[in-house]
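# Overview (structure and organization)
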Amino acid sequence: MNNKVSTTAPPEISGSIPCLDLDPFSDEFLINPYEGHATMRVAGPVVWLERYGVFAVARYAEVSAVLSDHSTFVSSRGVGLSDFAKDKPWRPPSLLLEADPPEHTEARAVVSKILNPKLLRSMKEEFQAQADAVVAEVAAKGEIDGVKDLAERYPLQVFPDWVGLDRDGRENLLPYGSMVFNTFGPVNELYSMALERGSAAVPWITEQCQPGRPDPDGFGAQIHREAAAAGYSEDDQARLLRSFLSAGVDTTVHGIGSAMQALAEHPAQFEALKADPKKARAAFEETIRYASPVQTFFRTANGDTEIAGVAIPEGSKILMFLASANRDPRQWEEPNSFDITRRAGGHVGFGFGVHACLGQMLARLEGECVLNALARLVKKIEPAGEAKIQLNNTLRGLDYLPLRLTPSTS
Ligand code: OVV
């Protein structure tokens, strides 16, 4: 990888900032992003990525600063490379992700009315019981693919049931999510392939999002009712639910897969988890910091501004490396070590500020239930071959994770 830093400022930006020719959306970078992250963090608080003509922030302080200033660094022009002010998005913009206050605040309030701690508490028993059943089954099997057999299986079981989706067609959820996250990146091969594969999922997703379609007792129908009460059109009620089907599955799958991998590779950490299964929640939190299932998001400068003294012209795209902030040595002690006892709470893996992940409580619930079940029902988790990464322009996760599990009772 060419991580050469040149200090020649591109003509379109004033002042001199480090210019890098690294491609954060290349296969090479996505397979091992950590060297590139370090290069950017060392180069300066803001760098210029000449291949894409964007600014990038990779340190914790600047990533947090950009996330915090939602009125300067807007989301309504898209949180991918494409600027919605110049290019038409491939789907109607999300009312949550790709919106600014006050519209964003209203849409978020609709969801927050339903998705609250009380609801989450009421789901816990059922989610834990399902995790116990799946984990007991894989533990008995011994040799498993941690991705298919657990990381995909569990969310694909609990989440669609909870939303109230049809049983048939759930195989569309992962390709749809993969497409959404790939299309935040540049139009490279990953983008094109994901669009091709994901397009087939669009009719099913669209159908499931229609008011009247989800199970009336599920979360989906509740969102529709709450949105209708707030005056949203049927199209917009559907679009609100679409956010959950877009962002709610691949992300949790990757979080759980990465947790399994980290625990298999760090047996002392799994021992600590087994000694105190209540650490499951902290272990999942540390996984989000350590692995950062969502690696990056963009913002767009809605006027001339600056970051850390660097002039940022109106219309600039700023690429935020959440994953790099989560391993910034300026913020974290031993950032590259997986330590379930550390205070990982300040990570930006779920973002920060008004756009902070809406589903984070649900993600934590799923992660906690799986890790808690592993802690109680599994004696040993060992790697049983080489894991395969799943390349995505935005997400980091696995396609394949061969593991050998030893059940606690044997
Ligand atoms: C956080 C996120 C990712 C992808 C899609 C959406 C949100 C959405 O709101 O559609």
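Here's what I pulled together on the structure shown here.

Calculation criteria
- Residues numbered from 1 in each chain as written.
- Predicted model: local features only at pLDDT ≥ 70, side-chain atom pairs only at ≥ 80, totals over all residues.
- Heavy atoms only, no water.
- Helix = DSSP H or I, 4+ residues; strand = E, 2+ residues; numbered from the N terminus.
- Rg over C-alpha atoms; globule rule 2.2 N^0.38 Å.
- Buried < 20%, exposed > 50% of the residue type's maximum accessible area, 1.4 Å probe, protein only.
- Contact = heavy atoms within 4.5 Å.
- Areas by Shrake-Rupley, 256 points an atom, 1.4 Å probe, with all protein chains shown as cover.
- Lys, Arg positive; Asp, Glu negative; His and termini not counted.
- Charge placed at Lys NZ, Arg CZ, Asp CG, Glu CD.
- Salt bridge = Lys/Arg side-chain N within 4 Å of Asp/Glu carboxyl O.
- Axes fitted to C-alpha atoms, helices over the stretch in contact; angles between N-to-C directions.
- Parallel < 35°, antiparallel > 145°, perpendicular 65-115°, else oblique.
- Nonpolar A, V, L, I, M, F, W, Y, C, P; charged D, E, K, R; others polar.
- Phe/Tyr/Trp six-rings, centres within 6.5 Å; stacked < 30°, edge-to-face > 60°.
- Lys NZ or Arg CZ within 6 Å of the ring centre and 35° of its normal.
- Near = heavy atom within 4 Å.
- Polar contact = N/O pair within 3.5 Å; in protein donor to acceptor, adjacent residues only side chain to side chain.
- Pairing = 2+ DSSP bridges.
- Expected span 1.5 Å × (residues − 1).
- Disulfide = S-S within 2.5 Å.
- Arc of directions from axis to C-beta.
- Core = buried A, V, L, I, M, F, W, Y, C linked by side-chain atoms within 4.5 Å.
- 1 Å grid on protein atoms, 1.4 Å probe; cavity = no way out; pocket = protein on both sides within 12 Å on 5 of 7 lines; lining within 4 Å.
- Points joined across faces, edges and corners; volume = space filled by probe spheres on them.

Once that is clear, we can look at the overall build of the protein. Secondary structure assignment for the protein yields 16 helices and 14 strands. Its C-alpha atoms give the protein a radius of gyration of 21 Å, near enough to 22 Å, the size a compact globule of 410 residues would have. Principal axes of the C-alpha set define a box for the protein whose edges measure 65 × 50 × 35 Å. Among the 410 residues that make up the protein, the fraction classed as buried is 57%. Of the contacts formed within the protein by residues at least 6 apart in sequence, a portion of 71% connects residues at least 24 apart. Counting every atom, the protein has about 16,800 Å² of accessible surface; 52% of that belongs to carbon and sulfur. Treating the 41 positive side-chain charges of the protein as one cloud and the 54 negative ones as another, the clouds have centres 4 Å apart.

Turning next to the pattern of salt bridges. As a working rule, side chains carrying opposite charge can pair if their charged atoms are close by. Inspection of the entire model under this criterion finds 25 salt bridges. For Lys-141, the salt bridge is made with Asp-149, and the minimal N-O distance between the two is 3.3 Å. For Asp-161, the salt bridge is made with Arg-170, and the minimal N-O distance between the two is 2.9 Å. Look at Arg-170 and you get buried, because its relative accessible area is 11%. Among the ionic contacts, a cluster of salt bridges with common partners joins Arg-77, Asp-83, Lys-86 and Glu-314.

One way to put it is that helix 7 (residues 173-182) packs onto helix 12 (residues 250-265) with a least axis distance of 9 Å and a crossing angle of 95°. If you check the angle between helix 7 and helix 12, you find them roughly perpendicular. Judged by residue contacts, Leu-173, Leu-174, Gly-177, Ser-178 and Phe-181 of helix 7 engage Asp-250, Thr-251 and Val-253 from helix 12. Looking at the contact of helix 7 with helix 12, its residues break down into four nonpolar, three polar and one charged.

Moving on to the packing of aromatic side chains. According to the stated counting rule, one finds eleven aromatic pairs in the structure shown. With a centroid separation of 6.3 Å and an interplanar angle of 55°, the aromatic rings of Phe-29 and Phe-321 are classed as tilted. Residue Phe-29 is located in helix 1 (residues 27-31), and its partner Phe-321 is located in strand 10 (residues 317-321); the two are separated by 292 residues in the primary sequence. Counting every residue linked through ring pairs, the aromatic cluster contains Phe-159, Trp-162, Phe-219 and Phe-244. Between Arg-289 and the ring centre of Trp-332, over which it is positioned, the NZ or CZ distance is 5.4 Å.

Okay, the site of the ligand next. Around the ligand lies a shell formed by Arg-91, Ser-94, Leu-97, Val-180, Phe-181, Phe-184, Ser-243, Ser-246 and Ala-247. With respect to the ligand, the side chain of Ser-94 contributes an N or O atom lying 2.6 Å from an oxygen atom. Starting from 290 Å² of accessible surface for the ligand in isolation, the protein chains cover 86%. A per-element tally of the shell around the ligand places helix 11 (residues 234-247) first, with three residues. Class assignment for the residues of the shell around the ligand results in five nonpolar, three polar and one charged.

Attention shifts here to the sheet that holds strand 6 (residues 143-145). Taken in spatial order, the three strands of this open sheet run 6-14-11, and their pairing is antiparallel. Each of the sheet's edge strands pairs with one partner strand only, and the pair in question is strand 6 and strand 11 (378-383). Averaged over neighbouring strand pairs, the angle between their axes works out to 35° when direction is ignored. Inspection of the sheet shows strand 11 paired to strand 14 (residues 402-407) by five bridges, in the antiparallel sense.

With that settled, the discussion passes to the pairing of strand 10. Of all five residues in strand 10, five are buried, a share of seventy percent or more. Alternating positions in strand 10 separate into two faces, Lys-317, Leu-319 and Phe-321 on one and Ile-318 and Met-320 on the other, with burial throughout. Where strand 4 (residues 54-57) lies against strand 10, three bridges are found, and the strand directions are parallel. Its bridge partner lying in strand 10, Val-57 is registered against Met-320. Pairing between strand 7 (residues 296-301) and strand 10: five bridges, direction antiparallel.

Attention shifts here to helix 16 (residues 360-377). Taking 1.5 Å of rise per residue, the 18 residues of helix 16 would be expected to cover 26 Å, and the 25 Å separating its terminal C-alpha atoms lies within 8% of that figure. Counting buried positions over the 18 residues of helix 16 gives 15, a clear majority of the element.

The subject of this paragraph is the state of the cysteines. Summed over the entire model, instances satisfying the criterion amount to zero disulfides. Not engaged in a disulfide, the cysteine Cys-209 finds its nearest cysteine sulfur in Cys-357; these two sulfurs lie 17 Å apart. On the accessibility criterion, Cys-357 (27% relative accessible area) is partly exposed.

Another point: helix 9 (residues 202-209). Buried within helix 9 we find Trp-204, Ile-205, Gln-208 and Cys-209. In a view along the axis of helix 9, the buried residues occupy a sector of 130°, so they form one face of it. Turning to helix 9, the residues buried within the fold contact helix 7, helix 10 (219-229) and helix 11.

Before going further, it helps to spend a moment on the nonpolar core. Counting 105 residues, the largest nonpolar core has Trp-162 and Leu-374 as its most contacted members. Apart from the residues within four sequence positions on either side, Trp-162 is in contact with Leu-115, Leu-119, Met-123, Phe-127, Gly-218, Phe-219 and Leu-362.

Evaluated as defined, the whole model comprises three cavities of 30 Å³ or more. Roughly 750 Å³ of internal volume is contained in the largest cavity. What lines the largest cavity is a set of 41 residues, and nearest its centre among them are Leu-97, Ala-247, Cys-357, Leu-358 and Gly-359. Those elements that place two or more of their residues in the lining of the largest cavity are helix 4 (103-114), helix 7, helix 11, helix 12, helix 14 (280-291), strand 7 and helix 16. Among the elements that take part in the lining of the largest cavity, helix 11 stands out by supplying four residues, more than any other.

Shape descriptors only; they carry no functional weight alone.
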